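# Observations on the model geometry
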Amino acid sequence: MPYRFYKEPIIDYIYPRYGKKNGGTLIEVYGKNFLNFDQNLRCAFGSIEVKAYYVSNDYMICYSPFSDVVQKELPFSISLNNQQNTRQNVEYIYYDFPQVARLEP
């Protein structure tokens, strides 16, 4: 069975760095050394992982999952092999839906 060595993926930044707590926000991941390992690609928002989609060796996308944790920075990382995650200091923040308390006039 073949074994492949590859350079460690690096996240330069994500956009946006925040999204609604119900999830579904498209997250653009920019970096280096991304590889298309299809079913094994993951984005992690704290301890919750979701499928990631390879676009190029420096760009991936994923969609934020639902979270009960709001207004707190959660570590964001990616995995190419569904085992080891990146170690850059990148955070993602969930927020509650804004509510209108009062309108004037």
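The structure reproduced in this document is the subject of the present report. (Residues numbered from 1 in each chain as written. Predicted model: local features only at pLDDT ≥ 70, side-chain atom pairs only at ≥ 80, totals over all residues. Heavy atoms only, no water.)

This next bit is on the overall build of the protein chain. Check the secondary structure of the protein chain and you find zero helices and eight strands. Reading the protein chain from its N terminus to its C terminus gives the helix and strand order β-β-β-β-β-β-β-β. If one aligns the C-alpha atoms of the protein chain with their principal axes, the spans along those axes are about 70 × 20 × 20 Å. Counting only residues that meet the buried cut, the protein chain has 37% of its 105 residues in that class. Restricting to contacts in the protein chain with at least 6 residues of sequence separation, those with at least 24 account for 58%. Accessible area of the protein chain: about 7,200 Å², with a carbon and sulfur share of 52%. Averaged over its 11 positive side-chain charges, the protein chain has a centre that lies 3 Å from the centre of its 11 negative ones. (Helix = DSSP H or I, 4+ residues; strand = E, 2+ residues; numbered from the N terminus. Buried < 20%, exposed > 50% of the residue type's maximum accessible area, 1.4 Å probe, protein only. Contact = heavy atoms within 4.5 Å. Areas by Shrake-Rupley, 256 points an atom, 1.4 Å probe, with all protein chains shown as cover. Lys, Arg positive; Asp, Glu negative; His and termini not counted. Charge placed at Lys NZ, Arg CZ, Asp CG, Glu CD.)

What follows concerns the sheet that holds strand β7 (residues 73-79). In space, the eight strands of this open sheet follow the order β1-β3-β6-β5-β4-β7-β8-β2, with mixed pairing throughout. Looking at strand neighbours, the two that pair on one side only are β1 (10-15) and β2 (18-20), the edges of this open sheet. Each strand of the sheet is rotated relative to its neighbour by a mean of 35°, with strand direction disregarded. Relative to strand β6 (residues 59-63), strand β5 (residues 48-56) is paired through four bridges, and the arrangement is antiparallel. Across the sheet, S56 pairs through a bridge with Y59, a residue of β6. (Pairing = 2+ DSSP bridges. Axes fitted to C-alpha atoms, helices over the stretch in contact; angles between N-to-C directions.)

Note on terminology: a disulfide is the covalent bond linking the sulfur atoms of two cysteines. All told, the structure shown has one disulfide when counted by the stated rule. A sulfur-sulfur separation of 2.3 Å characterises the disulfide bridge that pairs C43 with C62. Since a negative S-S torsion denotes a left-handed disulfide, the C43-C62 link at about -100° is left-handed. With C43 in strand β4 (residues 42-45) and C62 in strand β6, this residue pair connects regions lying 19 residues apart in the sequence. Overall, the relative accessible area of 0% leaves C62 in the buried class. (Disulfide = S-S within 2.5 Å.)

Residues V29, C43, F45 and F76 are the most contacted members of the largest nonpolar core, which totals 20 residues. Among the elements of the structure, β1, β3 (26-32), β4, β5, β6, β7 and β8 (91-95) are those that each provide at least two residues to this core. When residues in this core are grouped by element, the largest group, three residues, is from β7. (Core = buried A, V, L, I, M, F, W, Y, C linked by side-chain atoms within 4.5 Å.)

Further remarks concern the packing of aromatic side chains. Scanning the entire structure with this criterion turns up eight aromatic pairs. Each ring, one from Y3 and one from F5, has its centre 4.9 Å from the other, and the planes form 70°; the classification is edge-to-face. Residue classification places Y3 among the exposed positions, given a relative accessible area of 67%. F5 sits in the exposed class, given a relative accessible area of 72%. (Phe/Tyr/Trp six-rings, centres within 6.5 Å; stacked < 30°, edge-to-face > 60°.)

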